[in-house]
Amino acid sequence: MAAAEGQSYLFGAGPGLGGIVAESGITVGAGRAWLAGRSGGQSFLYTGSARGGLTSVARLSHEGVAVAAGATAIWVAEAVPARKVGSPRRLLLVRYAYKAETVPRVLASSALSALSVTGVALAVLPGELDVIGASRQASASPGMLVRISRPGGSVLGSIPLPGLPDAALASGSAVFVSMATPPSSSATGTVLEGVEPAQGNVVSRVSVPDGYEPDVQAGSDIWGVTTANGQLVEVDPETGALVHQVLLSSNGLFVPAAALVGTGTRLYVVSSSIPSGTAGPAQPPSMFMVSAGHGHVKASLPIPIKSLAARPGCVALAPGAMWVEGSSEVLRLPFGGG
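Throughout this description, residue numbers start from 1 for each chain and increase along the sequence as written. Whole-chain, interface and lining totals are the exception, using all residues; otherwise, since this is a predicted model, local features are given only for residues with pLDDT of at least 70 and side-chain atom pairs are given and counted only at 80 or more. With hydrogens and water set aside, each side-chain value is computed from the structure's full complement of heavy atoms.

Asks: Could you give an account of unusual backbone geometry, naming the residues involved and the relevant values?
Replies: Not every positive phi belongs to a glycine, and Ala-30 is a case in point at roughly 55°. Locating Ala-30 in the fold gives a position in the loop between strand S3 (27-29) and strand S4 (32-39). A helix here means a DSSP run of H or I that spans at least four residues, while a strand means a run of E at least two residues long, and both kinds are numbered starting from the N terminus.

Written as structure tokens, this is what we have:
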């Protein structure tokens, strides 16, 4: 497993990085880590390079609320200020080409004025069929998926959802979206819905624990964490079964899982620093290695970060490195896949 020692990049500690306030989770594209943040009243797209270091690479026109990586470009959902007082902010989806260590070039942008900036979840399918989930204004349906074309950023179609998306995971030809459904919906509670955007078909709908957010697919199953109680949960979308529900512990105390990444048959889970419902001193954030096939915890060790970001997607894998987003820093851990 990766060593606990790593490089920590404090928000505001490097050249041009004064007072960063992170706005999005962290993602990996073109071998580098990406996140959106604000500094000095301006929004930027930052990258963690392959050789280390957190660098400002692009100034965004508006606040970046979500970032997703495709094969040839990075997508940023930006919140456009309201045109007048009391009006909702609008959503702008911008596609930036990857440029190594230079400012990415804007390839396309799509003004999604029918969507609010609340509940945005981006997912990029193979072939760069891009999907965005968000709430829609003036609609009985609280959420929907919107298909976006890669070349021009135009809207290809939309699919209603029974709830407001919390998180999305692209898998093969489908995108899996977790959401809490309203009482008026035919679905009840929190569900994980699999949709094939090209055909608009719902391929699965599974009842999951409250706060469940999909992070990793291992085989045909999907692993995620529940923000409500910090459990690690494996779901079989074909049968609807909850295959494994794993509780993590450190020094004999329960610690809530916050996010995870996967490689092969191994999952790497980051735990929060705050015990949930237990007495005793707070535990530092830790990294756990879990068997994807059995749900067994193989190893754990503390990581040198003060506290995690309070959002999904705070950990990502890049070649040779694991990136962890904290509330006031970004940590780069050397990673060899062991």
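The structure having been displayed, the exposition proceeds.
Asks: I'd like a rundown of the packing of aromatic side chains, residues and numbers included.
Replies: Two rings from Phe, Tyr or Trp (for Trp, the six-membered ring) form a pair when their centres are within 6.5 Å of each other. A pair whose planes differ by under 30 degrees is stacked, one over 60 is edge-to-face, and the rest are tilted. Using the criterion set out here, one finds three aromatic pairs in the structure. Ring geometry for Trp-34 and Tyr-98: centres 5.7 Å apart, planes at 40°, overall tilted. In this pair, Trp-34 sits in strand S4 while Tyr-98 sits in the loop between strand S9 (90-97) and strand S10 (106-112), placing the two residues 64 residues apart along the sequence. No difference in accessibility class separates Trp-34 from Tyr-98, as the two residues are buried. Measuring from centroid to centroid gives 5.1 Å for Tyr-268 and Phe-335, while their planes differ by 90°, and the two rings are edge-to-face. Of the two residues, Tyr-268 is situated in strand S26 (residues 266-271) and Phe-335 in the segment after strand S31 (329-334); the sequence distance between them amounts to 67 residues. Each residue is assigned to one of three classes by its accessible area relative to the maximum for its type, calculated with a 1.4 Å probe on protein chains only: buried under 20%, partly exposed between the two thresholds, exposed over 50%. Phe-335 gets classed as buried once you look at its relative accessible area, which sits at 11%.

Asks: Break down the sheet that holds strand S25 (residues 257-263) for me, with residues and values.
Replies: Between any two strands, at least two bridges found by DSSP are needed for them to pair. Overall, antiparallel pairing links the four strands, which are arranged S25-S26-S27-S28 in an open sheet. Of all the strands in the sheet, the pair left with one neighbour each is S25 and strand S28 (297-302). Ignoring strand direction, the axes of neighbouring strands in this sheet form an average angle of 20°. Here S26 pairs with strand S27 (residues 286-291) via six bridges, running antiparallel. Across the sheet, the residue bridging to Arg-266 is Ser-291, located in S27. All axes here are fitted lines through C-alpha atoms, helices being fitted over the stretch that makes contact, and every angle between N-to-C directions spans 0 to 180 degrees.

Asks: An account of the pattern of salt bridges is needed here, citing residue identities and associated values.
Replies: Salt bridges are defined as contacts in which a side-chain nitrogen from Lys or Arg sits within 4 Å of a carboxyl oxygen from Asp or Glu. Taken as a whole and judged by the stated rule, the model has one salt bridge. Between Glu-193 and Arg-205 there is a salt bridge; the shortest N-O distance is 2.5 Å. Linking Glu-193 in strand S17 (residues 190-196) with Arg-205 in strand S18 (residues 201-208), this pair joins segments that are 12 residues apart in sequence. The class for Glu-193 is buried, based on a relative accessible area of 1%. Given a relative accessible area of 42%, Arg-205 falls into the partly exposed group.

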